[in-house]
Every structure is written in C-alpha cells, then in structure tokens.
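Residue-level structural notes
One-letter residues, chain by chain:
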Amino acid sequence: MLPHQNKRLVTMTDFVVRRFDAADHALWRDIRRLALLDAAAQFDESLSTFDQKSEQTLKEFLNSNIVYAALTDGVPVAIAASHFVCAARERDFVRIFSVWVQPDFRGQGLAERLMLLCIPENTCAELLVRADNQPAIAAYRRMGFVPASAPDDAKCFCATDNAPGLYMKLSP
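All of these numbers come straight from a predicted model, not from anything done at the bench. (Residues numbered from 1 in each chain as written. Predicted model: local features only at pLDDT ≥ 70, side-chain atom pairs only at ≥ 80, totals over all residues. Heavy atoms only, no water.)

1. Regarding the nonpolar core
If you look at the biggest cluster of nonpolar residues, it comprises 28 residues, and the most contacted ones within it are Ala-70, Ile-96, Met-115, Leu-127, Tyr-140 and Phe-145. Listing elements by their share of this core, those giving two or more residues are β2 (15–19), β3 (66–72), β4 (75–84), β5 (93–101), α4 (110–117), β6 (124–130), α5 (134–143) and β8 (165–170). The contact partners of Ala-70, leaving out residues within four places of it in the chain, are Phe-15, Val-16, Val-17, Val-75, Pro-76, Val-77, Ala-78, Leu-110 and Leu-114. Among the nonpolar cores identified, the runner-up in size contains 16 residues, and Trp-28, Ala-39, Leu-62 and Val-67 belong to it. (Core = buried A, V, L, I, M, F, W, Y, C linked by side-chain atoms within 4.5 Å. Buried < 20%, exposed > 50% of the residue type's maximum accessible area, 1.4 Å probe, protein only. Helix = DSSP H or I, 4+ residues; strand = E, 2+ residues; numbered from the N terminus. Contact = heavy atoms within 4.5 Å.)

Structure below.
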C-alpha cells in the first residue's frame, strides 16, 4: 500500500506526520492561513481569497489532493501537497505545491519528508517555485529536483504578483 492510500501515522521525534482528509479541514484552514500570513508572496492565492473558501470547498480540496502535515502536540507545523498532473507527460507526474514550514521548525527536514510522502512510488514530480526563493530552490536541488523547461500547462509565474517562477522536476 502506498503512503497516499491510507491515513497511516509516521512518528518522528516530536512530530507525527499524517495525511489530511476532509475531517481535517479546520486544521488545514489554520496551517494554510499561517503560511499565507508568513509568506504570502510564495503562494498562488491571497489570504483574503483563501478566507472566502467554504468548509465544503476545503473538504473537497483535501479529498482531491494528497496533503501531508507534520504535527506537534496536535498542531500542524508543516504542510506539503500534491495532485496528479492530468496533462500529457512522458510518464506519471504529480505536482507538488503548498509546501510550508513554520519558521521555528525550519531546518529539520520536515518539508522534504512531507514532499516525499506526496510522491507515489515510481512517479515523477514537478513543482513551480518563485525564481527569487533561493532557500527553497536550494532545498529542492538537494532533494534531486532540477530546473527544466516548463510544459505549456505549467504557469511559471506567481499568480499573486506575476513574479517569475522556475519549473523543476524530479525523476524516480
């Protein structure tokens, strides 16, 4: 069974990592709001747009995407998400998105751990990152992601302010 097929718990020192589902919509709202407050320019929606989303919309989002969170004392401190790419690719791809770690928990490898759970076995991954987000680009490179030419369906700019983006991919 692949990690994305159940809600199994993976315990790490001081953290529990698990897949979110619709029942976690309130936790998702809380951690996403924190991410948008901390690093609004890194995401493709504004806090005001996110705050307009209904509970049902959040539940549908969690049911249709692979979303993992690291929690400490029941509070999410890091997130990563993915969804399968429907557009034509040379093989199966997931797109990684919404990667964020609370500042006090950065540098512990949480983003990488969550991202890897979001990538099913024998599947390639792609992501879009702001071209000026050097810490994230360096972390993605350490994971094995490499810059590549973006396919036509991958927007390579940040939707909130049109900042240039970088397309990166990872092969299994």
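Having put the structure on the table, let's press on.
2. With respect to the layout of surface pockets
What the largest pocket holds in volume is close to 1300 Å³. Here the lining of the largest pocket gets 7 residues from one element, more than from any other, and that element is β5. Residues belonging to the lining of the largest pocket are distributed by class as follows: 27 nonpolar, 9 polar and 12 charged. (1 Å grid on protein atoms, 1.4 Å probe; cavity = no way out; pocket = protein on both sides within 12 Å on 5 of 7 lines; lining within 4 Å. Points joined across faces, edges and corners; volume = space filled by probe spheres on them. Nonpolar A, V, L, I, M, F, W, Y, C, P; charged D, E, K, R; others polar.)

3. What to know about the packing of helix α1 (residues 25–39) against helix α3 (residues 55–64)
Interhelical geometry of α1 versus α3 gives an angle of 95° and a closest axis separation of 9 Å. When the interaxial angle is binned, α1 and α3 end up roughly perpendicular. In contact with His-25, Trp-28 and Arg-29 of α1, α3 contributes Glu-55, Leu-58, Lys-59, Phe-61 and Leu-62. Of the residues in the contact of α1 with α3, the class split is 4 nonpolar, 1 polar and 3 charged. (Axes fitted to C-alpha atoms, helices over the stretch in contact; angles between N-to-C directions. Parallel < 35°, antiparallel > 145°, perpendicular 65-115°, else oblique.)

4. Considerations on the pairing of β4
Burial runs high along β4: 7 of the 10 residues are buried. Summarising the sheet, β3 and β4 pair through 7 bridges and their orientation is antiparallel. Pairing of Thr-72 across the sheet is with Val-75, part of β4. Linking β3 to β4, which pair antiparallel, is a turn of 2 residues; within it Asp-73 sits at a positive phi near 55°. With 6 bridges connecting them, β4 and β5 associate as antiparallel partners. In the strand pairing of β5, Ala-81 is matched with Phe-97. (Pairing = 2+ DSSP bridges.)

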